[in-house]
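Chain by chain, the residues run as shown.
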Amino acid sequence: MLLSELAAASGTTVASIKYYRREGLLPPGERVTATRQEYGQAHLERLQLIQVLREVADAPIARIARLAAILDDPEQPVIHALAAAQIIALGLEGLEDPEDPESPAEQAEQAGAGDDRGEEPGERPGEHPSIAPLLEHLGWPDVDSAPRRALDHLLRSLDSWGAPTHTSMLQRYAEPMAEIARADVAWMRGLPTPDGEGSPALSDDVLVMRAVAGTIAYNRLVQLLRALGHTSLSVLDTRPSPDP
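Residues numbered from 1 in each chain as written. Predicted model: local features only at pLDDT ≥ 70, side-chain atom pairs only at ≥ 80, totals over all residues. Heavy atoms only, no water.

**Description of the environment of L151**
Relative to the elements of secondary structure, L151 occurs in helix 7 (residues 146-160). L151 sits 24 residues away from E127 along the chain, and the two C-alpha atoms are 9.8 Å apart. (Helix = DSSP H or I, 4+ residues; strand = E, 2+ residues; numbered from the N terminus.)

**Describing the nonpolar core**
Counting 31 residues, the largest nonpolar core has L53, L67, V208 and V212 as the members making the most contacts within it. Those elements that provide at least two residues to this core are helix 1 (3-10), helix 2 (14-22), helix 3 (41-56), helix 4 (61-72), helix 5 (78-90) and helix 9 (204-238). Setting aside anything within four residues of it in sequence, one finds V208 in contact with L49, L67, L71, A81, L82 and A85. (Core = buried A, V, L, I, M, F, W, Y, C linked by side-chain atoms within 4.5 Å. Buried < 20%, exposed > 50% of the residue type's maximum accessible area, 1.4 Å probe, protein only. Contact = heavy atoms within 4.5 Å.)

**Concerning helix 6 (residues 131-138)**
Every buried residue of helix 6 is accounted for by I131, A132, L134, L135 and L138. Buried residues in helix 6, looked at end-on, bunch into an arc of 160 degrees, giving them a common side. Of the residues one or two after helix 6, G139 is the one with positive phi, at around 75 degrees. (Arc of directions from axis to C-beta.)

**Some remarks on the packing of aromatic side chains**
Within this structure, the stated rule accounts for 1 aromatic pair. Here Y19 and Y20 contribute two aromatic rings whose centre-to-centre distance is 6.0 Å and whose plane-to-plane angle is 50 degrees, an arrangement assigned as tilted. Its relative accessible area of 13% is what places Y20 among the buried residues. (Phe/Tyr/Trp six-rings, centres within 6.5 Å; stacked < 30°, edge-to-face > 60°.)

**Description of the environment of H153**
Mapped onto the secondary structure, H153 falls in helix 7. On the accessibility criterion, H153 (45% relative accessible area) is partly exposed. The spacing of H153 and H128 is 25 residues in sequence and 8.3 Å in space, taken between C-alpha atoms.

**Quick look at the pattern of salt bridges**
Taken as a whole, this structure holds 7 salt bridges when the rule is applied. Across the pair D72 and R46 runs a salt bridge whose closest N-O atoms are separated by 2.8 Å. Residue D72 is located in helix 4, and its partner R46 is located in helix 3; the two are separated by 26 residues in the primary sequence. With its nearest N and O atoms 2.7 Å apart, the salt bridge here joins E127 to R148. (Salt bridge = Lys/Arg side-chain N within 4 Å of Asp/Glu carboxyl O.)

Right, here's the structure in full:
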């Protein structure tokens, strides 16, 4: 499709597409003449990803450009793009690995081997003491990540407020989340889920787009269901007991 057709198919203006190309968010099309380029499904999927990042995740252009660079680098595995997308979706900017900010999931490939600073798996110096036992209980790899650092910050805040942060409390929240996360990952990858549903193989752009949109939408779903439970239990607690 030509530029005008790509704009119509994606719901994006021609000016925006040209801007995304200049900023490195969108790869060039296949040149057919000196002034015309041909675009395909991959360009349409990249524009859909950009729209989700801009409109749903409110991501800045510079952050999207970093993610696009990972997606367009054949040497970068998709897990790096998913990790970068997760940071955007969760608003965890600033919590990337300070030793490798361009590859926030680098240590995921070293699962169970400790981090690259020679530390043994288990509790990390200075980290909240509930995290390592939680990971061991769930059977999750002892690797560094932006969510792990964010959890550490959150638990320290809860400690300062006098809220419970012991491992058994975290397990109560984490165990159902582990099942949800497993289903999420299967859905994002287009693999068959336990109920037999599934979808064909997906491009990396669609996979990342699903990861961003799904993370934001389903985090909201969990918040609303929890709030609905609080409201419902409060109503039940205030109802008069039936007459004997």
